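Residues per chain, in single letters:
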Amino acid sequence: MSKTIFILNGPNLNLLGKRQPEIYGADTLADVETRCRALAESLGFAVEFFQSNHEGVIIDTIHRAREEAAAIVINPGAFTHTSVAILDALNAYDGLVFECHISNVHKREPFRHHSFVSARADGVMAGFGTEGYELCVRRACSLLSKA
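On a predicted model such as this, the values are computed, not experimentally measured, just so you know.

Undergrad: Pulling in residues and values, what's your account of unusual backbone geometry?
TA: Here Asn12, not a glycine, exhibits a phi torsion of approximately 75°, which is positive. Of note, Asn12 is situated in the loop between strand S1 (4–9) and helix H1 (21–24).

Spelled out as structure tokens, the structure:
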């Protein structure tokens, strides 16, 4: 079994720390990556970290995960609410899937309350800031260590 966790980030997350810090905080995506990588390594796992503003690139990365990753942590950004294609790709993946959102999407605009990804996710984290990524990584490592 692979000991790699893919962490996928969707559109506009490259602007983390700069875009709407009152909602998303001051941490950058590089900060998140550094913390997730350190946590995973301390638990005996590796992390592959990705960000794309393009739906097809995210889907291609999910397809790669079929052969290379034991788990996926995904923050699909706005694709959460729109992408059946990402859901279909995740449904073709046999490993663990954790959906992660920095803000509590259920306290925001009504269109953000629906997630296509949640239909496949083994767990959903929302509203814990960027620390939610680490919580997802910790849970994935815990479950994979028991497998």
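Undergrad: With reference to specific residues and values, describe the nonpolar core.
TA: Grouped burial of nonpolar side chains is what soluble globular proteins tend to show. Counting 27 residues, the largest nonpolar core has Ile5, Ile7, Val73, Tyr133 and Val137 as its most contacted members. When contributions to this core are tallied by element, the ones reaching two or more residues are S1, helix H2 (29–42), strand S2 (46–51), strand S3 (71–75), strand S4 (96–101) and helix H5 (131–146). When residues in this core are grouped by element, the largest group, 6 residues, is from H5. Look past the residues within four positions of Val137 in its chain and what remains in contact with it is Ile5, Ile7, Cys36, Leu39, Ala40 and Val73. Of all hydrophobic cores here, the second largest spans 17 residues; its members include Ile59, Ile72, Val97 and Val117.

Undergrad: Describe the pattern of salt bridges, listing the residues and the values that go with them.
TA: Applying the stated criterion across every chain yields a total of 5 salt bridges. Between Arg35 and Asp27 there is a salt bridge; the shortest N-O distance is 3.4 Å. For Arg64, the salt bridge identified is with Glu68, shortest N-O distance 2.8 Å. Here Arg64 pairs with Glu68, and both are found in helix H3 (residues 55–68), just 4 residues apart, close to one helical turn. One network of salt bridges, with partners in common, ties together Asp27, Arg35 and Glu134.

Undergrad: Before we move on, could you go through the UniProt feature "active site" (unreviewed entry) in the protein and cite the residues and values that matter?
TA: UniProt tags Tyr24 and His101 as "active site" (unreviewed entry). Maximum C-alpha separation among the annotated residues is 9.5 Å over a sequence range of 78 residues, consistent with a single clustered spot. Secondary-structure assignment places Tyr24 in helix H1. Given a relative accessible area of 12%, Tyr24 falls into the buried group. The exposure class assigned to His101 is buried, which follows from its relative accessible area of 7%. Of note is the side chain of His101, whose polar atom sits 2.7 Å from the side chain of Glu99.

Here is what the cut-offs are and how they apply
Residues numbered from 1 in each chain as written. Predicted model: local features only at pLDDT ≥ 70, side-chain atom pairs only at ≥ 80, totals over all residues. Heavy atoms only, no water. Helix = DSSP H or I, 4+ residues; strand = E, 2+ residues; numbered from the N terminus. Core = buried A, V, L, I, M, F, W, Y, C linked by side-chain atoms within 4.5 Å. Buried < 20%, exposed > 50% of the residue type's maximum accessible area, 1.4 Å probe, protein only. Contact = heavy atoms within 4.5 Å. Salt bridge = Lys/Arg side-chain N within 4 Å of Asp/Glu carboxyl O. UniProt positions renumbered as here; feature names shortened; annotations may be inferred. Polar contact = N/O pair within 3.5 Å; in protein donor to acceptor, adjacent residues only side chain to side chain.

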